[in-house]
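Summary of structural features
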Amino acid sequence: MPTLEPKIEQYLSDLLPEREPVVQEMEEYAEANQFPIVGPLVGRLCYQMVKSINANTIFEMGSGFGYSTYWLAKGLPDDGKIIFTEYSPNNIKLAKDFLGRARTLDKVEIIHGDAIDSLEKRNGEFDLILNDIDKEYYPKSLEVILPRLRKGGILITDNLIWSGRVAEAEPDAQTRSIIEYTKMLYDSPDLWTTIIPLRDGVGISYKLN
Ligand SMILES: C[S@@+](CC[C@H](N)C(=O)[O-])C[C@H]1O[C@@H](n2cnc3c(N)ncnc32)[C@H](O)[C@@H]1O
């Protein structure tokens, strides 16, 4: 079930300016391979979030072949850095090629491995974190994310509506993880969260303390 009525989604998509050829290529690759990217509507929101808090450091959890990385990196200043995490070597290979051609690779540090472990091992705080890992690990990830997000920083989480499954009477295990994580976001005294029902539901959490 799409989150928005298809004709509304189409209307919003028709408003978007044309993307550069390499980004169109990434979208075509995702379509052809049924790879779940955030898509241009949420990609633009990611860019906007980076710009709106003048983010300089970003940690991305579950980077795929670099589509969301592209939008986040594009919003960064020239000296900004984004940490890309992914456990598929093939996705990393594709990302290096796409991001190189999109002239954003110089801002990207690539980590091959588990996103939660990598974030836990990292020192310091980030201005923005994007969470798009396997959904069963969402609740566990939040304990690691919170101390690594600076006050005034933004956590973006994808798939919080999960094709409407979060509202089903008997949700499966993955869906229950998303529901648990979403409650954690809303209950946290350190976060102020809103879910934007764009594409598959994107959470924007502002770090208050
Ligand atoms: C939904 S896709 C991400 C798409 C990407 N954010 C985008 O919109 O372009 C999730 C990706 O995260 C990777 N992944 C999932 N859980 C992970 C984890 N715990 N650590 C590292 N990579 C992970 C998967 O291999 C997959 O490529």
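For the structure itself, consult the block above.
The sections below set out a description of the structure shown in this document.

The rules behind each value
- Residues numbered from 1 in each chain as written.
- Predicted model: local features only at pLDDT ≥ 70, side-chain atom pairs only at ≥ 80, totals over all residues.
- Buried ≥ 20, exposed ≤ 12 C-beta atoms within 10 Å, placed from the backbone.
- Helix = DSSP H or I, 4+ residues; strand = E, 2+ residues; numbered from the N terminus.
- Near = placed C-beta within 6 Å.
- Nonpolar A, V, L, I, M, F, W, Y, C, P; charged D, E, K, R; others polar.
- Expected span 1.5 Å × (residues − 1).
- Arc of directions from axis to C-beta.
- Core = buried A, V, L, I, M, F, W, Y, C linked by C-beta atoms within 7 Å.
- Contact = placed C-beta atoms within 7 Å.
- Pairing = 2+ DSSP bridges.
- Right-handed = clockwise from strand over helix to strand, strands pointing away.

In this section: unusual backbone geometry. If you check the backbone angles, Arg103 has positive phi at about 55° while not being a glycine. Residue Arg103 is classed as exposed on the basis of its 12 C-beta neighbours within 10 Å. Positioned with a positive phi, Ser163 is a non-glycine residue whose angle comes to about 55°. Position of Ser163 among the secondary structure elements: in the loop between strand S5 (149-157) and helix H8 (173-187). The exposure class of Ser163 is partly exposed, given the 13 C-beta atoms found within 10 Å.

The full set close to the ligand counts 20 residues, and Gly62, Gly64, Tyr67, Ala115 and Ile133 are the nearest of them. At the level of elements, helix H4 (67-75), strand S2 (81-86) and helix H6 (115-121) are the ones that each hand at least two residues to the shell around the ligand. Its residues assigned to classes, the shell around the ligand comprises nine nonpolar, seven polar and four charged.

Take helix H5 (residues 89-101) next. A turn of α-helix holds 3.6 residues, and therefore any two residues three or four places apart point the same way. Between the first and last C-alpha of H5 there are 19 Å, a value that for 13 residues agrees with the 18 Å anticipated at 1.5 Å per step. Inspection of H5 places Ile92, Leu94, Ala95, Phe98 and Leu99 among the buried residues, and these make up the whole buried set. In a view along the axis of H5, the buried residues occupy a sector of 165°, so they form one face of it. Turned more than 90 degrees from where H5 packs its buried face, Pro89, Asn90 and Lys93 sit exposed.

Counting 52 residues, the largest nonpolar core has Cys46, Val50, Ile58, Leu72, Ile82, Leu128 and Ile129 as the members making the most contacts within it. Once residues lying within four places of it in the same chain are set aside, the contact partners of Val50 are Ala55, Ile58, Leu72, Gly75, Leu76 and Leu128.

All right, on to the pairing of strand S4 (residues 126-131) then. Along S4, six of the six residues are buried, which leaves the element largely enclosed by surrounding structure. Of the pairings in the sheet, the one linking strand S1 (residues 57-61) to S4 comprises four bridges and is parallel in character. Each bridged residue has a counterpart across the sheet, and for Phe59 the counterpart in S4 is Ile129. Pairing of S4 with S5 involves five bridges; the strand directions are parallel. Directly across from Phe126, in S5, lies its bridge partner Leu149. As a crossover connection, the stretch from S4 through helix H7 (residues 138-148) into S5 is right-handed.

Another aspect to go through is the environment of Ser13. Here Ser13 lies in helix H1 (residues 6-15). With 11 C-beta atoms packed within 10 Å, Ser13 lands in the exposed category. Here the alpha-carbon distance between Ser13 and Asp97, two residues 84 residues apart in the chain, equals 26 Å.

This next bit is on H4. For H4, a buried count of eight out of nine residues is recorded, marking the element as mostly surrounded by other parts of the structure. Within the span of H4, buried status applies to Tyr67, Ser68, Thr69, Tyr70, Trp71, Leu72, Ala73 and Gly75.

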